[in-house]
Amino acid sequence: MANAAVKTKKKVLIVNTNSGGHAVIGFYIAKDLLGSGHDVTVLTVGDEASDKMKKPPFNRFDEITSLGGRTVWGDLAKVGEVVGDGVAFDVVLDNNGKDLDAVRPVADWAKNSGAGQFLFISSAGIYKTSYEVPHVEGDPVKEDAGHVAVEKYVAGLSFGSWATFRPQYMIGSGNNKDCEEWFFDRIVRGRPVPIPGSGMQLTNISHVRDLSSMLVLAVENAEAANGNIFNCVSDRAVTFNGLAKICAQVAGRELKIAYYDPKAVGVDAKKAFPFRNMHFYAEPRAAKSVLGWSSTTNLPEDLKERYDEYVKIGRDKKQMQFDIDDKILESLKVTVAV
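Rules used in this analysis
- Residues numbered from 1 in each chain as written.
- Predicted model: local features only at pLDDT ≥ 70, side-chain atom pairs only at ≥ 80, totals over all residues.
- Heavy atoms only, no water.
- Core = buried A, V, L, I, M, F, W, Y, C linked by side-chain atoms within 4.5 Å.
- Buried < 20%, exposed > 50% of the residue type's maximum accessible area, 1.4 Å probe, protein only.
- Helix = DSSP H or I, 4+ residues; strand = E, 2+ residues; numbered from the N terminus.
- Contact = heavy atoms within 4.5 Å.
- UniProt positions renumbered as here; feature names shortened; annotations may be inferred.
- Pairing = 2+ DSSP bridges.
- Axes fitted to C-alpha atoms, helices over the stretch in contact; angles between N-to-C directions.
- Parallel < 35°, antiparallel > 145°, perpendicular 65-115°, else oblique.
- Left-handed = near helix turned anticlockwise from the far one by under 90°.
- Nonpolar A, V, L, I, M, F, W, Y, C, P; charged D, E, K, R; others polar.

Engineer: Would you take a moment to explain the nonpolar core for this structure?
Structural biologist: Looking at soluble globular proteins, one finds that nonpolar side chains tend to be buried together. By size, the foremost hydrophobic cluster in this structure holds 40 residues, and its most contacted members are I14, L33, L119, F165, M214, F230 and L291. Looking at this core, the element that brings in the most residues is helix 1 (residues 23-35), giving nine residues. Ignoring any residue separated from it by four or fewer positions in sequence, one finds L33 in contact with V12, I14, H38, V40, V216 and V219. Formed by 38 residues, the second largest nonpolar core is a distinct cluster that contains Y169, F183, V193 and L243.

Encoded structure:
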């Protein structure tokens, strides 16, 4: 475990994506850094007036500004103009780019403007399929993946400190990509939950506060974080069956599972189910050993919180279509009561 560096106030720029599951990471880390006394600006790609900004987590950005943070929107090709000509940051965190074309303007500007640390949110999806799980830092990756090209480029810019983080699936308030909601949608309506294969496939579901706490440690311990790749995940795996059962338990509803073979049914598993249809999980070994990080994800507690929010926003009463589910269930000769 690395010795904790003396915490000093840092000026941090978070470049945040304007859609997708990663957007909530920027939202959480902004609030956590502000809560720790740092100066934070969040630059979201695009236009503040766009429809995307009416959805979580963007419609909750007042939680950032109320803590003293600054939020701006704009074109990353003009990042210097957007944040203010001559404005310098100690740390730049890119939580937007999936390829080098998207990240290069930010990384180059950060280097040229004197940022001491550059952090990049990559993805655990770049690991090659392996007979050995979990994925750990140093395992082979897909060399043609966009995130891999970015990781190599950032490493070559010679920042005073740099690090990359590879998140997987996540839950948490403000997330706008279905994970647990996919299960709740079916369970609360008394529908079978279609699960490909045996349901014993292992995956990793992390609360976004875990990802944020890891990033905060990297900001506050820049020397220790330097040059490292961190699997930005919780430290436990869960089966598809287990996740479905916990979701049913917190909802207080009966669970019905319908197992199926995607190929036999003739459906695209990527569209029919929210996770990869295989063992896919990583382990946060580097964060524990290098940063002294520890996970706080507790699925029964965290999913109960998410279910309460699910009901609060009225999603349990929303009219929904389950066309792909119906095709699966029809092939299995499973009847859904209306």
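There's plenty left to go through after this.
Engineer: Explain the UniProt feature "domain: NAD-dependent epimerase/dehydratase" (unreviewed entry) in the protein here, please?
Structural biologist: Under the UniProt annotation, the feature "domain: NAD-dependent epimerase/dehydratase" (unreviewed entry) is placed at residues 20-232. Note that residues 20-232 is 33% helix and 22% strand, and that its end C-alpha atoms are spaced 17 Å apart.

Engineer: Even after reading the chapter, I still don't get the sheet that holds strand 3 (residues 70-74), so can you show me in this structure?
Structural biologist: Sheets are built from strands paired through backbone hydrogen bonds, the pairs being either parallel or antiparallel. A sheet is described by the order of its strands in space; here seven strands give the open sequence 3-2-1-4-5-6-11, paired in parallel fashion. Because the sheet does not close on itself, it has two edges, and the strands there are strand 3 and strand 11 (228-232). The mean inter-strand angle of the sheet, taken between neighbouring strand axes irrespective of direction, is 20 degrees. In the sheet, strand 2 (residues 39-45) pairs with strand 3 via five bridges, with the strands oriented parallel. From the neighbouring strand, V45 faces strand 3, where its bridge partner is G74.

Engineer: What is the right way to look at the packing of helix 6 (residues 180-187) against helix 13 (residues 299-312) in this model?
Structural biologist: Geometrically, a packed helix pair is captured by the angle between its two axes and the distance between the axes. Following both chains from N to C, one finds helix 6 and helix 13 inclined at 60 degrees, their axes separated by 11 Å at the closest point. Of the possible angle classes, the one that applies to helix 6 and helix 13 is oblique. Classified by chirality, the crossing of helix 13 by helix 6 is right-handed. The segment helix 6 lies against helix 13, with E180, E181, F184 and D185 engaging L303, R306, Y307 and Y310. Here the contact of helix 6 with helix 13 is built from residues that sort into four nonpolar, no polar and four charged.

Engineer: What am I meant to see in the packing of helix 1 against helix 7 (residues 208-220) here?
Structural biologist: At a minimum axis separation of 9 Å, helix 1 and helix 7 run at an interaxial angle of 55 degrees. Our classification of the angle between helix 1 and helix 7 gives oblique. Helix 7 is crossed by helix 1, and the crossing has right-handed handedness. Note on element contacts: helix 7 touches helix 1 through V208, R209, L211, S212, S213, L215, V216 and V219, opposite V24, I25, Y28, I29, D32 and L33. Counted by class, the contact of helix 1 with helix 7 contains ten nonpolar, two polar and two charged residues.

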